[in-house]
Amino acid sequence: AVAPSVVNIQVEKRAGTGSALPQIPGFPLPDMQPPLQRGEGSGFIYDNYGHIVTNNHVIDEADKIIVTFNNGMWARAEVVAADPQADLAVIKVTPPKGMEWRPLKLAEDNSLKVGHTVIAIGNPFGLQGTLTTGIVSAVGRTLPLGRQSSAVGGRFSIPRMVQTDAAINPGNSGGPLLNSQGRVIGINTAINAREGVNSGVGFAVPASLIRRVVPALIQQGHYAYPWLGISGRDVTPDIADAMKLADRAGALVAEVIKSSPAERAGLHGSDRTVTVRDDQLAVGGDVIIAIDGQPVR
């Protein structure tokens, strides 16, 4: 039922030459064009208006995008909008004539539990329509996958990522991670593997983030993120001892970005370091133990 809604995405873009040619008008010559780079990933049909959702890193800087459907039909696609922070992108095609167009539905937020069966469908190594299965290994993972920001000096971390042991490999990126009812619980995005192939630890952008970001990309062309303007770390036993904390949980504010909302609100970063077992620990900053009544552990 779901396979016809999962697509193969092939992209082409011009690679940089990397040459040290002098900056002379007329260079590079027509026969010195940068070589083509080709790549591919996955995506899924999002709505009845030709929109397809995938990862930003699948289509980033692409000059040409071809979408191939499960039945062998294909169409050229254009980028509607992309969000590198959540690694999400929306592309659009004109559905081929005679094709049955089936958008996928998103699963309800907070419906996942560790141990639930999950299914990944995508195009690992270009093998179109590959299905792999596994379980939810963990929920609530936070991964720093967004782009580095020169303005605020930090990298956006994607919250509430779904961790799974379903086999995810290069080419699966952008494809759906599904529950047993065929609803999208996430978009397969990253793997934790030194060799770059499946090691049983894969991560998917959660449906809750897709539900927020994708409609904004379609309607406004971007998603506006709230931000605090701090960097921090968990309160470890060593930090708790060094700061003589009564509440031994929370987030230690290590640094506050200048002119950020956090600075305007009066948060303070660490003001000294202590040495514990040859490690330098930043201490002395504010410790956030709750936000709007919700405990921070």
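Keep in mind it's a predicted model, so treat the numbers as computed, not measured.

Chemist: Any chance you could break down the sheet that holds strand S12 (residues 202–206) for me, citing the residues and the numbers?
Modeler: The strand order around the closed barrel built from six strands is S7-S8-S9-S12-S11-S10, with neighbouring strands paired in antiparallel fashion. Recorded for the sheet is a direction-independent mean angle of 45° between the axes of neighbouring strands. Of the strand pairs in this sheet, strand S10 (residues 176–178) and strand S11 (residues 184–191) are connected by three bridges, and their pairing is antiparallel. Note that in S11 the partner of Leu178 across the bridge is Val184. Packed onto the sheet, helix H2 (residues 207–220) meets strand S9 (158–164), S11 and S12 and runs at close to 45° relative to S12.

Chemist: Go over the packing of aromatic side chains, please, and point to the residues and values.
Modeler: Scanning the model with the defined rule gives two aromatic pairs in all. Here the aromatic rings of Phe69 and Trp101 are separated by 5.8 Å at their centres, their planes lie at 65°, and the arrangement is edge-to-face. Of the two residues, Phe69 sits in the loop between strand S4 (64–68) and strand S5 (74–83) while Trp101 sits in the loop between strand S6 (88–92) and strand S7 (117–122), which places them 32 residues apart along the sequence. By relative accessible area, which is 1% here, Phe69 ends up buried. Among the residues examined, Trp101 registers a relative accessible area of 16% and is labelled buried. Judged by centre distance (4.7 Å) and plane angle (80°), the ring pair of Tyr223 and Tyr225 falls under edge-to-face. A relative accessible area of 23% means that Tyr225 is categorised as partly exposed.

Calculation criteria
Residues numbered from 1 in each chain as written. Predicted model: local features only at pLDDT ≥ 70, side-chain atom pairs only at ≥ 80, totals over all residues. Heavy atoms only, no water. Pairing = 2+ DSSP bridges. Helix = DSSP H or I, 4+ residues; strand = E, 2+ residues; numbered from the N terminus. Axes fitted to C-alpha atoms, helices over the stretch in contact; angles between N-to-C directions. Contact = heavy atoms within 4.5 Å. Phe/Tyr/Trp six-rings, centres within 6.5 Å; stacked < 30°, edge-to-face > 60°. Buried < 20%, exposed > 50% of the residue type's maximum accessible area, 1.4 Å probe, protein only.

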